[in-house]
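Residue-level structural notes
Below are the chains, spelled out letter by letter.
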There are 2 protein chains.
Amino acid sequence: MDTTQRTDQERSADRRRRELLEAADRVVLRDGPGASMNAIAAEAGITKPILYRHFGDKGGLYAALAKRHTDALLDSLRAALDAPAERRERVEQTLDTYLTAIEARPQVYRFLMHPAEGGHQGEGFDVGKHSAPLLRRMGEELAQVIEERLDLGPDGERLARVWGHGIVGMMHAAGDWWLGERPCSRRELVRSLADLLWGRLAAAGDKVGGPGF
Amino acid sequence: MDTTQRTDQERSADRRRRELLEAADRVVLRDGPGASMNAIAAEAGITKPILYRHFGDKGGLYAALAKRHTDALLDSLRAALDAPAERRERVEQTLDTYLTAIEARPQVYRFLMHPAEGGHQGEGFDVGKHSAPLLRRMGEELAQVIEERLDLGPDGERLARVWGHGIVGMMHAAGDWWLGERPCSRRELVRSLADLLWGRLAAAGDKVGGPGF
DNA sequence: AGACTGCTGTTACCTTAGGTAACACGTTAG
DNA sequence: CTAACGTGTTACCTAAGGTAACAGCAGTCT
């Protein structure tokens, strides 16, 4: 076996893998995250054991699927984060990019974040092991950007990481709630969150008559 | 059938229900969230159909279990939120209360938030349908407090809700990350998050030499 | 007393779904 | 021609959620 050569077989296997992932994607987007391995195999026009040969187990398939979408989302976010603009503008752009993404493909979003929901009755893919990674990766990524660019004093690295994860969590929770209830426009949500990050909570006055918060 | 009277049967049924919930609690805390209905029934010294008679299905059992813990946590948070102190102190107290709770009983926390993780191989309880409720309830609760006490202008209600969910998400994500990596003390985490909420992100200076964030 | 009702509990079963073993066919190398 | 390998299949195992049907026992009604 020559290890250096890219044989036809290897290329064909890669292509097959991509095809299978695309089929899985279609099924997951159609049937929700509870899609069964059988259904995915059927959509791909083959049978279960082949899926297992390619991805090991359901978690492997999930991981491969999640990686594609996660990478794509992270690329968009990096672009927004790196855009040439002042800080507030950049923050708003990043929030908007995230929200636009989850708004445009809620099925993908729900798959990545709440995999067990849409299923008809079974459990489906497991979130726990995989939704965290997405949030974590976003958090670490943001932390790195913050740490690189902001002067936060001696404790900067720790602060940056806390803030990275905190801001990502804020974005995520607010986005999740917003996607479910649609209580306002995306623009309004972005501005409200940026306002929060800009200290408006601390600056707001007490309501007349009530005890100060 | 007398509807007004609390019969022995009803009290006994309630007691039974509590016993079952406590057994379920023990199993979930021991085996992780992947605990099977069989295992729970065995721990309670009975068999499956009884569990199903009491809770309908696994989701019902989960919901009952989650409600207990969620209510308890919300009570603690309300107390911290209502304490007589100034705003920053109160915010820090609330964050600290939450973090203390998840630190003290990580198993419970993981059950509520990432149910599918600890399981040996199966899927276990589903998160999607139930972890959201906890976050949502906390978010709505906080929103209400914010809206009651802060003067946020004409758009106050919307702002309060966005902030409620956003802050809860921030707390959650940061807490989850912190619980996993323990990168700093609880006190430091609380201060860092409060600083973030107090606008220190916006106020920080650019790092010398780098492009401004 | 004896039958009826209702609750508690059981055993034994169904179904779905993840995962695997064993086998069949076609292609290519020696 | 045959041996090896990749690709695909069928048929199965197991674990788990969920349910039907039946057994025993307390109180109640005639």
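Residues numbered from 1 in each chain as written. Chains lettered and ligands numbered in written order. Predicted model: local features only at pLDDT ≥ 70, side-chain atom pairs only at ≥ 80, totals over all residues. Heavy atoms only, no water.

Before going further, it helps to spend a moment on the pattern of salt bridges. Residues and elements named next belong to chain B. Tallying each qualifying case throughout the model produces 50 salt bridges over all chains. The closest approach of N and O atoms between Arg68 and Asp25, which form a salt bridge, is 3.9 Å. Placement of the pair is Arg68 in helix α4 (residues 58-82) and Asp25 in helix α1 (residues 8-31), with a sequence separation of 43 residues. With relative accessibility at 11%, the residue Asp25 sits in the buried group. (Salt bridge = Lys/Arg side-chain N within 4 Å of Asp/Glu carboxyl O. Helix = DSSP H or I, 4+ residues; strand = E, 2+ residues; numbered from the N terminus. Buried < 20%, exposed > 50% of the residue type's maximum accessible area, 1.4 Å probe, protein only.)

With that settled, consider the protein's contact with DNA strand D. Looking at DNA strand D, there are 14 residues lining it, with Thr47 and Arg53 of chain A together with Lys48, Tyr52 and Lys58 of chain B nearest. Per the 4 Å cut-off to the protein, sugar and phosphate atoms form 43% of the nearby atoms of DNA strand D. With respect to DNA strand D, the side chain of Thr47 of chain A contributes an N or O atom lying 2.3 Å from a phosphate oxygen. Taking Tyr52 of chain B, its side chain carries an N or O atom lying 3.3 Å from a phosphate oxygen of DNA strand D. Tallied by class, residues from the surface near DNA strand D come to six nonpolar, three polar and five charged. (Near = heavy atom within 4 Å. Polar contact = N/O pair within 3.5 Å; in protein donor to acceptor, adjacent residues only side chain to side chain. Nonpolar A, V, L, I, M, F, W, Y, C, P; charged D, E, K, R; others polar.)

Attention shifts here to the packing of helix α8 (residues 156-181) of chain A against helix α9 (residues 186-197) of chain B. Relative orientation of the contacting elements α8 of chain A and α9 of chain B amounts to 65 degrees, with a least axis distance of 10 Å. By the angle between their directions, the pair α8 of chain A and α9 of chain B is classed as roughly perpendicular. Along this stretch, α8 of chain A crosses α9 of chain B, giving a crossing that reads as right-handed. Between α8 of chain A, through Arg158, Leu159, Val162, Trp163 and Ile167 of chain A, and α9 of chain B, the contact on the second element is made entirely by Glu188, Leu189, Ser192, Leu193, Asp195 and Leu196 of chain B. Classifying every residue of the contact of α8 of chain A with α9 of chain B by side-chain character gives seven nonpolar, one polar and three charged. (Axes fitted to C-alpha atoms, helices over the stretch in contact; angles between N-to-C directions. Parallel < 35°, antiparallel > 145°, perpendicular 65-115°, else oblique. Left-handed = near helix turned anticlockwise from the far one by under 90°. Contact = heavy atoms within 4.5 Å.)

Our next topic: the packing of helix α3 (residues 48-55) of chain B against α4 of chain B. Residues and elements named next belong to chain B. Across the interface, α3 lies against α4 with an axial gap of 8 Å and an inter-helix angle of 65 degrees. Of the two possible hands of crossing, α3 and α4 adopt the one that is left-handed. Of the residues in α4, those touching α3 at Leu51, Tyr52 and Phe55 are Lys58, Gly60, Leu61 and Ala64. Broken down by class, the residue content of the contact of α3 with α4 amounts to five nonpolar, one polar and one charged.

Residues and elements named next belong to chain B. With twelve residues, α9 ought to run about 16 Å at 1.5 Å a step, and its terminal C-alpha atoms sit 17 Å apart, in line with that. By the burial criterion, the buried members of α9 are Leu189, Val190, Ser192, Leu193, Ala194, Asp195, Leu196 and Leu197. Backbone geometry just downstream of α9 places Gly199 in the positive-phi region, at approximately 85 degrees. (Expected span 1.5 Å × (residues − 1).)

Keep in mind that these numbers describe shape and distance, not what the molecule does.
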